[in-house]
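A look at the structure
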Amino acid sequence: MNGSEDKFFAARLGDIVKRSERDGVCCFSNFLDEKQCSEAQRWCQYNAGSLMHTLFGGFPDAKRRVLAVFPDYYEDYIMDEFPIKCLTFTFRREDRLTHRDFLGTFMGLRLKRDVIGDIIVGDGIAQVFVTDIAARLISSTVSKIGKTGVKIYDDRPFQLEVKQEFRNISGTVASMRLDCVVGLAAGVSRENAAKLIRSERVDVNHLTASSVSQELHAGDVLSIRGCGRFILSDINGSTKKGRIHINLCKFI
């Protein structure tokens, strides 16, 4: 996000907090992407006061999630309050529909991206998480995805496995500093890795990195514009010369 986007996003979060404080109810955002989720979580930690907050996208590993801000007396049943619906689409197995096919159809309904969560596509079935309002529109108007006929159900539980393929990158680094790890991930020198970081082309755990010396840990997620996204999966001890063995998993 740039400066003006940051301010606009913070203002939207502020409105959610104010409504929850004023009315004593749980209030929700629309779907946020991974970067916005990290920004929202960090913002709420400092600005939500006595209110609680959580993020949920319909299933535990969802990438796109909705922010809930709520008084503590909602804590025991907040998960039942999220305005999210799982729509299940069935179609012929020989019709090879993709994430893009579904998203294109929804955009054709003039739906905004933030009312649509994760789209998981399998063989002859897809499951899509959307806001309650978007679910009603999609259910009443969509009979085809592209040229493929579909049936839509709004009462089936989420059942698909979310598959993600990776390519392993192993090597040694001088330290766990960000510039060292970015150099290995991107296949560039440490100097050029530092340039990527200083030009705000590197995110750590979905937040823009600002320091080349930031220390990384196992499980951290790196996004390098122009190079891809990586998980620092393992840190495996040191060589005799003191360099550190690490393994990165690159999303493919």
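So, here is what we can say about the structure in this document. (Residues numbered from 1 in each chain as written. Predicted model: local features only at pLDDT ≥ 70, side-chain atom pairs only at ≥ 80, totals over all residues. Heavy atoms only, no water.)

**What to know about the nonpolar core**
Heads up, the condition is: Put simply, buried Ala, Val, Leu, Ile, Met, Phe, Trp, Tyr and Cys residues joined by side-chain atoms within 4.5 Å make one nonpolar core. The rule is simple: take the accessible area with a 1.4 Å probe, protein chains only, and divide by the maximum for that residue type; under 20% is buried, over 50% is exposed, in between is partly exposed. Helix and strand definitions follow DSSP, with helices as H or I runs of at least four residues and strands as E runs of at least two, each counted in order from the N terminus. Only heavy atoms matter for contacts: two residues are in contact if any of them lie within 4.5 Å across the pair.
The biggest cluster of nonpolar side chains holds 24 residues, and the ones touching the most others in it are M176, L178, V182, V202, L216 and I246. Of all the secondary structure elements, the ones that give two or more residues to this core are β10 (166-173), α5 (178-186), α6 (190-198), β11 (202-204), β13 (221-224), β14 (228-238) and β15 (244-251). In terms of residue count, α5 provides more of this core than any other element does, 5 residues in total. Setting aside chain neighbours within four positions, we find I246 in contact with I169, S170, G171, V173, M176, V181, L184, L232, D234 and I235. Counting 20 residues, the second largest nonpolar core, distinct from the first, contains L87, L97, V115 and I116.

**Points about the side chain of H206**
With respect to the helices and strands, the residue H206 is situated in the loop between β11 and β12 (207-208). Each residue touching H206, except ones within four places of it in the same chain, is listed here: E34, K35, S38, V221 and R229.

**Regarding the layout of surface pockets**
Operational definition: As defined here, a cavity is a set of points on a 1 Å grid over the protein atoms alone where a 1.4 Å probe fits but cannot get out. A pocket is an open set with protein on both sides within 12 Å along at least five of seven lines, and residues line them when an atom is within 4 Å of a point. Grid points are joined across faces, edges and corners, and a volume is the space filled by probe spheres set on the points. Residue polarity is assigned by list, with Asp, Glu, Lys and Arg as charged and Ala, Val, Leu, Ile, Met, Phe, Trp, Tyr, Cys and Pro as nonpolar; anything else, Gly included, falls into the polar class.
Empty space within the largest pocket amounts to approximately 870 Å³. What lines the largest pocket is a set of 28 residues, and nearest its centre among them are I119, I120, V121, V162 and K163. Top element by residues in the lining of the largest pocket is strand β5 (residues 116-121). It accounts for 4 residues. When the residues that make up the lining of the largest pocket are grouped by side-chain class, the tally is 11 nonpolar, 4 polar and 13 charged.

**Concerning the sheet that holds strand β2 (residues 52-56)**
Worth spelling out the cut-off: Should DSSP find at least two bridges between two strands, the strands are regarded as paired. Angles shown run from 0 to 180 degrees and are taken between the N-to-C directions of axes, each axis being a line fitted to C-alpha atoms and, for helices, limited to the stretch in contact.
In space, the 3 strands of this open sheet follow the order β1-β3-β2, with antiparallel pairing throughout. In the strand order of this sheet, the two ends are held by β1 (27-32) and β2, each with one partner. This sheet shows a mean twist of 15° between the axes of neighbouring strands, independent of strand direction. Note that β1 and strand β3 (residues 65-70) share 4 bridges and pair antiparallel. Residue pairing across strands places F28 opposite A68, the latter belonging to β3.

**Quick word on the packing of α5 against α6**
Relative orientation and spacing of two packed helices are given, respectively, by the angle between their axes and the distance between those axes. The condition is simple: Any angle that falls under 35 degrees is termed roughly parallel, while one over 145 is termed roughly antiparallel, one within 65 to 115 roughly perpendicular, and all others oblique.
Running from N to C, α5 and α6 point in directions that differ by 105°, and their axes come no closer than 8 Å. Classified by the interaxial angle, the pair formed by α5 and α6 is roughly perpendicular. Side by side, α5 and α6 meet where L178, D179, C180, V182, G183 and A186 of the first sit next to R190, A193, A194, L196 and I197 of the second. Of the residues in the contact of α5 with α6, the class split is 8 nonpolar, 1 polar and 2 charged.

**A short note on the pattern of salt bridges**
As a reminder of what qualifies: Between Lys or Arg on one side and Asp or Glu on the other, a salt bridge is scored when a side-chain nitrogen of the former is within 4 Å of a carboxyl oxygen of the latter.
The final tally for this structure, using the stated rule, is 10 salt bridges. Its salt-bridge partner being D123, residue R96 comes within 3.2 Å of it at the nearest N-O pair. Separated by 27 residues along the polypeptide, R96 in the loop between β4 (84-90) and α3 (99-108) and D123 in the loop between β5 and β6 (125-131) bring together distant segments of the chain. With relative accessibility at 62%, the residue R96 sits in the exposed group. Taking the shortest distance from any N to any O, the salt bridge between D179 and R177 comes out at 2.9 Å. Owing to a relative accessible area of 24%, R177 belongs among the partly exposed residues under this scheme. Residues joined by salt bridges that share partners form a network here, namely K35, D203 and R225.

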